[in-house]
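Observations on the three-dimensional arrangement
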Amino acid sequence: MNCRKSVLLPGLLLLHFVPTIALAQSREHTGLLAGIVRDSTGLVLPGAGVELRTLASSASVANVPAAADGTFTFTDVSFGRYRLVVTCPGFEPSDSSIEIAAGPHPAVTIVLRLSGIEEQVSVHASAADVPLTPTLQSPVSRRQIDTLPSESVSAGLSSVITLTAPGVAADSNGGFHPLGEHAETSFVIDNQPITDQQSRTFSNQLSPNAIQSLDVITGVPPAEFGDKTSLVVRAITRSGLGVGRPHGALTVGYASFRTPIASLAVGLGNSRAGNFLSLDGVASQRFLDAPEPEALHAQGNVFNLFDRFDTRWSPQTTLQLGASASRSAFETPNTYDQQDAGQNQRQRQHSFNLSPTLTHVLGPHAVVESTGWARRDVIDYLPSADLYADQPAVLAQHRSLTNAGVKASLTATAGAHAFKVGLQQTTTWLAEQFRTGLTDPAFNSPSSEGFLPALLPYDLTRGGAFFDFQGDAVVSQWAAYAQGAVSTGPWNVTAGLRVDSYRGLSRAVGWQPRLGTTYTIDRTKTVVRGSYGRMFLTPYNENLILASSTGPGGLGGGVLGSVAGAPLTPGHRQQVDAGGQQTLWRGIHLDGEYFWKVTDGAFDFDVIFNTPLAFPVQFRESRADGGLLRVTLPESHGWQAYATLSHSRSRLFGPELGGLRFSASYAPVARPDHDEALQANTHVEYRASGGLAFWSGLTWRYDSGLVAVAVPAYADALTLTGDQQAAMGLFCGDTLATRAQPIRSCASSTFGAQRINIPAPGTENDDSNPPRIVPHHVVDVAAGLDHLSIGKLPLRARVTVINLFDTVALYNFLSTFSGTHFVTPRTVRVEIGVRF
């Protein structure tokens, strides 16, 4: 039996860490056991022999080789106790006992050590078993993905990340801000890197129904990762390899806001070939988060298809082919004023992805892996039929993003040394069409103090014409990286180097050293770690052409808010992390980290009039720092829990270097609207054994509030419309602003806003004391029965309540990134599924 020993640089360890695979539903009196095999560095061991034996006689019940991603599956195993034996040439064998019973079983992770080194075996999902690395990571199992409540009806994957990873500030429509940055997140899905934005208004992200496990890296990444690296999300999709006869579930449900839900997941295959297919769809009258407490003009739907085919050409060679297609259509939610005007702006998105991966084991200590991909997003933003119903401007857009590339790597080990080298090439084809014209005569009146002469030719109310733009571009990127690791005694040292070449609307080359170390104190079960990295950040591709255009037909010279009409250029970042892990009484695990980042040429976004249309902008410098903590309690008597606590501070330093802005410029030093001082998550779950397999969970999320840059003082709030004042809860004494009766002056000593903390007069400072959204708590609960039956029909049922206490709060207010949006109101969702 060949067995791959893939190892890389410690940061790279993170990259290949795939959280434990959850156990699937049991059938009648049989169960399905799934798991993963790793080496002591955290990398998977494809080809390892996994055998299930009877406990009494040690007779073999079933055996399978670990798949290319290290996973294994046993299906239709009779309830009872067994021995689980795992072997791999060059490693000490694992021999542990395990019980298979009705209901979900604790997930199984097997960790093998090299021969002659003490063996460690894990048969539960405790975070204490996560391999030591020089940065913080958050594993997410299939069971967590399945049971965590999604606070976004249209972006479930983003919701899972927000609720499990520290350092993530929640925003509307499934958006999130990692470690003080706007949206610098890389998704690596089955070895395919995706650095373009994946939140709902930019793309159709992969459905959680297709994902087996996640690993979220929040520190200095290994050299294999580049571009958007504040957060690296490694996802492993579900596979049918070794499943046997068809297994899966068909689920239907219904939720508040007229939200029907349906999904199908089915896997089948033997030890040589397997296929997994998932289909799901949802439609809702509150598809996107709304700018009012009531959802107005917020209907939408999304349909996702995912298929993964695996085949073993030989014991050494495995081919995986993943394909996905998604379609979504949704309305842009209206304010009350826009609803009265009859505004009917909509957006359509089509996404497609194809990604083959070939893995070849060269021997017990080396493996070659290559991945290719082709991905395409097409976005259409449609105006109202009556152009003057769109206030204060009519907007229309068609854009497409096509990305194709290849990535190849060699991973090898020699004694205590491990290394990985790789090459990556990507090409992105961009095409953009954009049209706008002013429809509100008061928006840019020549008699107003803030009149912009450059907008007058596009004022349709004063005889102007449409501003029309059309452009295309090709962005080519090359990267090469090498990373290695060496262990000696309690020390583990990793080092890597990545070189990126960017050829787009601008050109640059980035050299990026990475260094990390860990020191283990066995006596106290303590790990101390530190890492340093230099990162090369490329401009966001979304609306890049328009934001960078100059000259005739472009946006140079201040037209529509252009900063300078200069192409956006890659930025450079230096980052330092310091942290550690501590295992306490009964396996309670603490993992903490401090991070510090300085970026030259930092990126942000600005939106137009509370729409999903966002344009990149670049600043001279940004600085961010903060602390992260994750606490994990191992499973005990059916109970398990985790909590995350994060503090981050983000600062932007002007001037702005390029891009497109529609709002007022920031101060020379300012907190951006994605800065949030404190975030916290707590998730507690209970699972009963046997019987109906009852489970329940509670998730509590606390957000201290994003910066609200639009209202630095109470006097600024007095100039807003009555609708905007009502949304923020503006008051003067006992008088509360309404749409019909806005507050234009206030003589009372008691004034402020219910949903925004406006600094006291004379105390506002864009850096040290900016206005912020009022802190808020959101509690979600869920409960289910995983082993129901009607006759011989096996069923599962669950009920989820989002925002149990119906908290009325804002995500943001007139934000430069996303406008104004309210937190999801109380939502009840009921689902029932058939298992087969």
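Values in this document were obtained by computation on a predicted structure and should not be read as measured data. (Residues numbered from 1 in each chain as written. Predicted model: local features only at pLDDT ≥ 70, side-chain atom pairs only at ≥ 80, totals over all residues. Heavy atoms only, no water.)

1. What to know about the state of the cysteines
- This model, assessed by the stated rule, comprises one disulfide.
- The disulfide partner of Cys732 is Cys746, and the S-S distance across this bridge is 2.0 Å. Disulfide Cys732-Cys746: torsion about the S-S bond near 90 degrees, hence right-handed. In this pair, Cys732 sits in strand β35 (residues 730–732) while Cys746 sits in the loop between β36 (735–736) and β37 (751–753), placing the two residues 14 residues apart along the sequence.
- By relative accessible area, which is 25% here, Cys746 ends up partly exposed. (Disulfide = S-S within 2.5 Å. Helix = DSSP H or I, 4+ residues; strand = E, 2+ residues; numbered from the N terminus. Buried < 20%, exposed > 50% of the residue type's maximum accessible area, 1.4 Å probe, protein only.)

2. A short note on the pattern of salt bridges
- One pass over the structure, following the stated rule, counts 36 salt bridges.
- In this structure, the salt-bridge partner of Arg651 is Asp767, at a minimum N-O distance of 2.7 Å. Of this pair, Arg651 sits in strand β31 (residues 639–659) while Asp767 sits in the loop between β38 (756–757) and β39 (772–773), and the two are 116 residues apart along the sequence.
- Look at Asp767 and you get buried, because its relative accessible area is 16%.
- Several salt bridges converge on common partners, so that one network encompasses Arg142, Arg143, Asp146, Glu635, Glu685, Arg687, Asp786 and Arg796. (Salt bridge = Lys/Arg side-chain N within 4 Å of Asp/Glu carboxyl O.)

3. A short note on the sheet that holds strand β12 (residues 192–194)
- Here five strands make up an open sheet; going across it, the order is β8-β13-β14-β11-β12 and the pairing mixed. The two strands at the open ends of the sheet, each matched to only one other strand, are β8 (137–140) and β12. Averaged over all pairs of adjacent strands, the angle between strand axes in this sheet comes to 20 degrees, irrespective of strand direction.
- Here strand β13 (residues 211–217) pairs with strand β14 (residues 231–237) via six bridges, running antiparallel. If you follow Val216 over to β14, its bridge partner there is Val233. (Pairing = 2+ DSSP bridges. Axes fitted to C-alpha atoms, helices over the stretch in contact; angles between N-to-C directions.)

4. Overview of the environment of Gly833
- Structurally, Gly833 can be placed in strand β44 (residues 827–835).
- Measuring from C-alpha to C-alpha, the distance between Gly833 and Leu264 comes to 9.3 Å, with 569 residues separating the pair along the chain.

5. Comments concerning the confidence of the model for the protein
- A residue-level look at the protein finds 87% of positions with pLDDT of 70 or above and a mean pLDDT of 84.
- Residue range residues 4–29 is modelled with pLDDT below 50. Its contacts to residues more than four positions away, or to other chains, number 156 contacts.
- For residues 551–559, every residue scores under 50 in pLDDT, and the model assigns this stretch 20 contacts once sequence neighbours within four places are set aside. (pLDDT = per-residue confidence, 0-100. Contact = heavy atoms within 4.5 Å.)

6. Focus: the pairing of β8
- Because side chains alternate across β8, one face comprises the buried residues Gln137 and Pro139, and the other comprises Ser138 and Val140, equally buried.
- Alignment of β8 against β13, held across four bridges, turns out to be antiparallel. Note that in β13 the partner of Val140 across the bridge is Leu214.

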